[in-house]
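Residues per chain, in single letters:
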Amino acid sequence: MKASGWDLDVAAKWIGNAAVYSKRCGKKHAFEAYIARRMFHGISLTSYDVVDIMKFDDPIDALMENPESDFSQFCRVKYLLVVHPTMEGSFGNLDHRTLILSGKHPRAEFYQLFAKVAKWIWVLVGSSGSIDPHATVFCVNRESIFSGLYMESIEEEFSS
């Protein structure tokens, strides 16, 4: 977020306006959770070859070399899902969205960071099916009741 110039307070308010954070790091965790939920939204754990993307240190190079690849499409869809136009406008530039909608991938610093996250999610999802064919993704929905049996509070970690 620092690289993009986003204001953490504005981003956290955009994600959950009614949320109250006991510590500033809670806003960071809320934003990271938002990104993870959006990046994994609609994912099906199917096995596919990740060798092509792994041969590139910089995923932007993979996108430039093969702009019509499944990974390229994944990046387009996920960027538009994760980064709402209002959020993108908060750092003063909607050119990313325009380029992505036209099938291109910007070399801007923020998009490079996004593509790195997308690469590792792509690799995780693509290889998960071959590691465990019965693997599943689960998500805890809002308003769910917390159970210490299945989850542990992170609040305890930060209060010590």
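The structure displayed is predicted, hence computed values, not measured ones.

Calculation notes
- Residues numbered from 1 in each chain as written.
- Predicted model: local features only at pLDDT ≥ 70, side-chain atom pairs only at ≥ 80, totals over all residues.
- Heavy atoms only, no water.
- Helix = DSSP H or I, 4+ residues; strand = E, 2+ residues; numbered from the N terminus.
- Buried < 20%, exposed > 50% of the residue type's maximum accessible area, 1.4 Å probe, protein only.
- Contact = heavy atoms within 4.5 Å.
- Areas by Shrake-Rupley, 256 points an atom, 1.4 Å probe, with all protein chains shown as cover.
- Phe/Tyr/Trp six-rings, centres within 6.5 Å; stacked < 30°, edge-to-face > 60°.
- Lys, Arg positive; Asp, Glu negative; His and termini not counted.
- Salt bridge = Lys/Arg side-chain N within 4 Å of Asp/Glu carboxyl O.
- Polar contact = N/O pair within 3.5 Å; in protein donor to acceptor, adjacent residues only side chain to side chain.
- pLDDT = per-residue confidence, 0-100.
- Axes fitted to C-alpha atoms, helices over the stretch in contact; angles between N-to-C directions.
- Parallel < 35°, antiparallel > 145°, perpendicular 65-115°, else oblique.
- Left-handed = near helix turned anticlockwise from the far one by under 90°.
- Expected span 1.5 Å × (residues − 1).
- Arc of directions from axis to C-beta.

Draft legend 1. Expanded view of the overall build of the protein. Along its length, the protein carries nine helices and zero strands. In sequence order, the protein lays out its α and β elements as α-α-α-α-α-α-α-α-α. Expressed as a percentage of the 160 residues in the protein, the buried residues total 31%. Put simply, of all contacts in the protein between residues at least 6 apart along the chain, 67% involve residues at least 24 apart. For the protein, the exposed area adds up to about 10,400 Å²; of that, 57% sits on carbon and sulfur atoms.

Draft legend 2. Here's a closer look at the packing of aromatic side chains. Counted according to the given criterion, the structure contains eight aromatic pairs. Where Y79 meets F114, the ring centres are 5.3 Å apart and the plane angle is 85 degrees; that geometry is what we call edge-to-face. Taken as a pair, Y79 in helix α5 (residues 70-82) and F114 in helix α8 (residues 109-131) lie far apart in primary sequence, 35 residues in all. In this pair, the class of Y79 matches that of F114, namely buried. Through a chain of ring-to-ring contacts, three or more aromatic side chains come together here, namely Y48, F71, F74 and W122.

Draft legend 3. Seen up close, the side chain of R76. With respect to the helices, strands and loops of the structure, R76 is situated in helix α5. Despite its burial, R76 pairs with no opposite charge; the closest candidate is E68, at 4.3 Å N-O. Only 3.2 Å separates the side chain of R76 from the backbone oxygen of G103, close enough to count as a polar contact. Leave out the neighbours within four places in its chain, and R76 touches P67, E68, I100, G103 and H105.

Draft legend 4. The arrangement of the confidence of the model for the protein in detail. Confidence in the prediction of the protein, expressed as mean pLDDT, is 80, and 79% of residues score 70 or more. Element-level mean pLDDT values for the protein span from 54 in helix α9 (residues 155-159) up to 94 in helix α4 (residues 59-65).

Draft legend 5. Just the packing of helix α2 (residues 24-40) against α5, in detail. Direction vectors running N to C along α2 and α5 enclose 135 degrees, while the axes themselves pass 9 Å from each other. By the criterion of interaxial angle, the relationship of α2 to α5 is oblique. The crossing of α2 and α5 is right-handed. In contact with Y34, I35, R38, M39 and F40 of α2, α5 contributes F74, K78, L81 and V82.

Draft legend 6. Up close: α2. Counted at 1.5 Å a residue, the expected span for α2 with its 17 residues is 24 Å, and the 25 Å between its end C-alpha atoms agrees. All buried positions along α2 are accounted for by A30, F31, Y34 and M39. Within α2, the buried residues cover an arc of 165 degrees as seen down the axis, which keeps them to one side. Just downstream of α2 lies G42, where phi reads positive at about 75 degrees.

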